[in-house]
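Below are the chains, spelled out letter by letter.
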Amino acid sequence: MQRAVSMVARLGLRLQAFPSTLGRPLSCTQTKIFGCDRVRLMESLVVGDIAELRPNQGTLSLFTNEAGGILDDLIVTNTSEGHLYVVSNAGCWDKDLALMQDKVRELQNIGSDVGLEVVDNALLALQGPTAAQVLQAGVADDLKKLPFMTSAVMEVFGVSGCRVTRCGYTGEDGVEISVPAVGAVRLATALLENPEVKLAGLAARDSLRLEAGLCLYGNDIDEHTTPVEGSLSWTLGKRRRAAMDFPGATVIVPQLKGKVQRRRVGLMCEGAPMRAHSPILSTEGTVIGTVTSGCPSPCLKKNVAMGYVPCEYSRPGTPLLVEVRQKQQMAVVSKMPFVPTNYYILK
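Residues numbered from 1 in each chain as written. Predicted model: local features only at pLDDT ≥ 70, side-chain atom pairs only at ≥ 80, totals over all residues. Heavy atoms only, no water.

As for the overall build of the protein chain
Step number 1: When its secondary structure is counted, the protein chain shows 8 helices and 17 strands.
Step number 2: Taking 2.2 N^0.38 as the reference for a compact globule, 347 residues should give roughly 20 Å; the C-alpha atoms of the protein chain span a radius of gyration of 21 Å, in line with that estimate.
Step number 3: Each of the three principal axes of the protein chain carries a C-alpha extent, and together these read 60 × 55 × 40 Å.
Step number 4: For the protein chain, the proportion of its 347 residues judged to be buried stands at 56%.
Step number 5: Here the analysis covers contacts within the protein chain between residues at least 6 apart in sequence; of these, 64% occur between residues at least 24 apart.
Step number 6: Looking at the protein chain as shown, the accessible area adds up to about 15600 Å², and 52% of this sits on carbon and sulfur atoms.
Step number 7: The protein chain carries 36 positive and 34 negative side-chain charges, and their two centres are separated by 5 Å. (Helix = DSSP H or I, 4+ residues; strand = E, 2+ residues; numbered from the N terminus. Rg over C-alpha atoms; globule rule 2.2 N^0.38 Å. Buried < 20%, exposed > 50% of the residue type's maximum accessible area, 1.4 Å probe, protein only. Contact = heavy atoms within 4.5 Å. Areas by Shrake-Rupley, 256 points an atom, 1.4 Å probe, with all protein chains shown as cover. Lys, Arg positive; Asp, Glu negative; His and termini not counted. Charge placed at Lys NZ, Arg CZ, Asp CG, Glu CD.)

Laid out in structure tokens, this is it:
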């Protein structure tokens, strides 16, 4: 089943566009970290190797605390303009901004060259198999030269100063466009003039990201989940693992070689769809875990979910039970993503 092109408007905190059409505006926190010590600042807060990023390359990373818990997930891009561009969840706006501002002040007090600026932009996500084709009609840059997790500043359908990043939260090819607030409605309107483009609400976005096995912060990962438990060990930079110089490293790094109590797994079942907080049971009927996200998969015509189970139950193919509406039904641990991803990778 081919996924349609969709556009999800993640609106800046001060921008109020499309509230009735989308149901409620999605939003994110966008910041710039600048100064000679910008990489030092970011690497003091996240688990990723920011120093190795090429110009205009980005990476998914995690803010962690000293206990190894995940404070938020974020995308960090090393821009060619001399700053780091950071996109994190608006639901964590207060704590993310405080975390970065506190670290800026700490480093400035010892003479470091670093600063932070909040970007008052909207973020439009154009996602789907023909997203690049749709966008190409409105930009001069050749999007075939913009692979997954890279970005460039360009004019988009007459709106200047847009940062286009080849990424998204659906598992499909697509872009996220950081657009000045004053031009957001104009750009969205221009995109919607193409019959290929449809507005997508939260339910559509949630099913797409779940089919792709992508986490939702606050549901699937939180301050009480480590990257290893959350099956996000790949976000830990090799150099950072060796140096053990990120928050919570003394907890997280040993988990890479040892055994954790639980892991995030994918689940598939037929019957009633699994939902967050549904109990996961062994085939003997003992409660062993909890579903964190779940919904029917439009592509697979089956029910998919993710949740946490003890390591001994985490192998794909393991049969389990899930309690839905006070009734137990069979489920099986499944590899993620449930639907193969279609990110645009240069070969």
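Notes on the sheet that holds strand β4 (residues 70-78)
Step number 1: Read from one edge of the open sheet, 5 strands run β3-β4-β5-β2-β6, paired in antiparallel fashion. Each edge of the sheet is formed by a strand with only one pairing partner; in this case those strands are β3 (57-64) and β6 (115-118). Strand-to-strand twist across the sheet, computed as the mean angle between neighbouring axes with direction ignored, equals 25°.
Step number 2: Note that strand β2 (residues 28-34) and β6 share 4 bridges and pair antiparallel. What sits directly across from Ile 33, in β6, is Leu 116.
Step number 3: Contacting β2, β3, β4, β5 (83-89) and β6, helix α3 (residues 93-109) crosses the sheet at an angle of about 155° to β6. (Pairing = 2+ DSSP bridges. Axes fitted to C-alpha atoms, helices over the stretch in contact; angles between N-to-C directions.)

Comments concerning the pattern of salt bridges
Step number 1: Tallied over the full model, the rule gives 11 salt bridges.
Step number 2: The shortest N-O distance in the salt bridge between Asp 102 and Arg 105 comes to 2.5 Å. On the criterion of helical spacing, the pair formed by Asp 102 and Arg 105 is a turn pair, its members being 3 residues apart in helix α3.
Step number 3: One connected set of salt bridges, linked through shared partners, spans Glu 43, Asp 49 and Arg 239. (Salt bridge = Lys/Arg side-chain N within 4 Å of Asp/Glu carboxyl O.)

Let's talk about the packing of aromatic side chains
Each aromatic ring pair is described using two quantities: the centre-to-centre distance and the angle formed by the ring planes.
Step number 1: Taken as a whole and assessed by the stated rule, the structure comprises 1 aromatic pair.
Step number 2: The ring of Tyr 85 carries the charged tip of Arg 163 above its face, separated from the ring centre by 5.7 Å.
Step number 3: Across from the ring centre of Tyr 308, 4.3 Å away, lies the NZ or CZ of Arg 262, which sits over that ring. (Phe/Tyr/Trp six-rings, centres within 6.5 Å; stacked < 30°, edge-to-face > 60°. Lys NZ or Arg CZ within 6 Å of the ring centre and 35° of its normal.)

Section: the UniProt feature "binding site: substrate" (unreviewed entry) in the protein chain
Step number 1: The UniProt entry lists Glu 176 under the feature "binding site: substrate" (unreviewed entry), expressed in the numbering used here.
Step number 2: Checked against the element boundaries, Glu 176 lands in strand β10 (residues 174-180).
Step number 3: Relative accessible area serves as the criterion here: at 6%, Glu 176 is assigned to the buried category. (UniProt positions renumbered as here; feature names shortened; annotations may be inferred.)

A look at the environment of Thr 64
Step number 1: When you line up the elements, Thr 64 lands in strand β3.
Step number 2: With 221 residues separating them in the primary sequence, Thr 64 and Gly 285 have C-alpha atoms 35 Å apart.
Step number 3: Residue contacts for Thr 64: discarding those within four places in its chain leaves Leu 45, Val 47, Gly 69, Ile 70, Leu 71, Pro 227, Phe 246, Pro 247 and Ile 252.
Step number 4: At a separation of 2.7 Å, a polar atom in the side chain of Thr 64 contacts the main-chain carbonyl oxygen of Pro 247. (Polar contact = N/O pair within 3.5 Å; in protein donor to acceptor, adjacent residues only side chain to side chain.)

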